[in-house]
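Summary of structural features
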Amino acid sequence: QVQLVESGGGLAQPGGSLRLSCAASGSIFSISHMGWFRQAPGMQRELVAGITGGGSTNDRYSVKGRFTISRDAAKNTVYLQMSSLQPENTAVYYCNVKFGLGVTVNVWGQGTQVTVSS
């Protein structure tokens, strides 16, 4: 069984920074994609940033230059460095990992709250 453990959420002031971490453990292999999604109250869950097994990254236009996704492949851990945070970035942030050969397994973390407020 695969588990994703997220950490690093919390309260930040506008203009501040937070770093989210997500460590995958268990029978995980051939990771094709690791990503961070977020869901604000009343909104649909949306992709914030992702990184492929080959290391290519993609992120939302609204976070370009402010949020950076990275990973430690040896530790099956993905990070999201968030800078210049704004109140509209407030949401529950979820880690997602896709892995497997032939059949793709999709696993979600439990979510971590990020609140940006003065």
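In this report, we go over the structure that sits alongside the text.

Parameters at a glance
Residue numbers here run from 1 along each chain, matching the order of that chain's written sequence. Predicted model: local features are reported for residues with pLDDT of at least 70 only, side-chain atom pairs are reported and counted for 80 or more only, and whole-chain, interface and lining totals are derived from all residues. Working from all heavy atoms in the structure, the side-chain values ignore hydrogens and water. For this text, the term disulfide refers to a pair of cysteine sulfurs within 2.5 Å. Here a helix means four or more residues in a row that DSSP labels H or I, a strand means two or more in a row labelled E, and each is numbered from the N terminus. Between buried and exposed lies partly exposed: a residue is buried under 20% and exposed over 50% of the maximum accessible area for its type, with that area taken using a 1.4 Å probe on protein chains only. The rule for pairing is simple: two strands pair if DSSP sees at least two bridges between them. All axes are obtained by fitting lines to C-alpha atoms, using only the stretch in contact for helices, and the reported angles, taken between N-to-C directions, cover 0 to 180 degrees. A side-chain nitrogen of Lys or Arg and a carboxyl oxygen of Asp or Glu constitute a salt bridge if their distance falls within 4 Å. Two residues form a contact once any of their heavy atoms are found within 4.5 Å.

Okay, the state of the cysteines next. As enumerated under the stated definition, the model contains one disulfide in all. At a sulfur-sulfur separation of 2.1 Å, the disulfide partner of Cys 22 is Cys 95. Given an S-S torsion of about -80°, the disulfide between Cys 22 and Cys 95 has left-handed geometry. Residue Cys 22 is found in strand S3 (residues 18-25), and its partner Cys 95 is found in strand S9 (residues 91-99); the two are separated by 73 residues along the sequence. On the basis of relative accessibility, which here comes to 0%, the residue Cys 22 falls in the buried class.

Here we take up the sheet that holds strand S7 (residues 67-72). Whenever strands of a sheet pair, they do so through backbone hydrogen bonds, lying parallel or antiparallel. Strand order in the open sheet made by the four strands is S1-S3-S8-S7, with antiparallel pairing throughout. Every other strand in the sheet has two partners, leaving strand S1 (3-7) and S7 as the edge strands with one partner each. Strand-to-strand twist in this sheet, taken as the mean axis angle between neighbours without regard to direction, amounts to 15°. For S3 and strand S8 (residues 77-82), the ladder comprises six bridges, and the chain directions are antiparallel. Residue pairing for S8: Leu 18 is matched across the bridge by Met 82.

Taken as a whole and assessed by the stated rule, the structure comprises two salt bridges. Of the charged contacts in the structure, one is a salt bridge between Arg 38 and Glu 46, with a shortest N-O distance of 2.8 Å. Judged by relative accessible area, Arg 38 falls into the buried class, the value being 8%. Among the residues examined, Glu 46 registers a relative accessible area of 26% and is labelled partly exposed.

Turning to the side chain of His 33, a few remarks are in order. Counting through the fold element by element, His 33 comes out in strand S4 (residues 31-39). The exposure class of His 33 is buried, given its relative accessible area of 16%. Apart from the residues lying within four places of it in its own chain, the contact partners of His 33 are Gly 50, Ile 51, Thr 52, Gly 53, Asn 58, Asn 96, Val 97 and Lys 98.

One non-glycine residue with positive phi stands out, namely Ser 30, at about 45°. Examined against the element boundaries, Ser 30 turns out to sit in the loop between S3 and S4. One non-glycine residue, Asn 76, lies in positive phi territory at about 50°.

Moving on to the pairing of S4. Taken across its nine residues, S4 has seven buried, putting it largely inside the fold. Relative to S9, S4 runs antiparallel, the two being bridged by eight bridges. Note that in S9 the partner of Met 34 across the bridge is Val 97. In this structure, S4 lies alongside strand S5 (residues 46-52), joined through six bridges in antiparallel fashion. Within S5, the residue paired with Phe 37 across the bridge is Leu 47.

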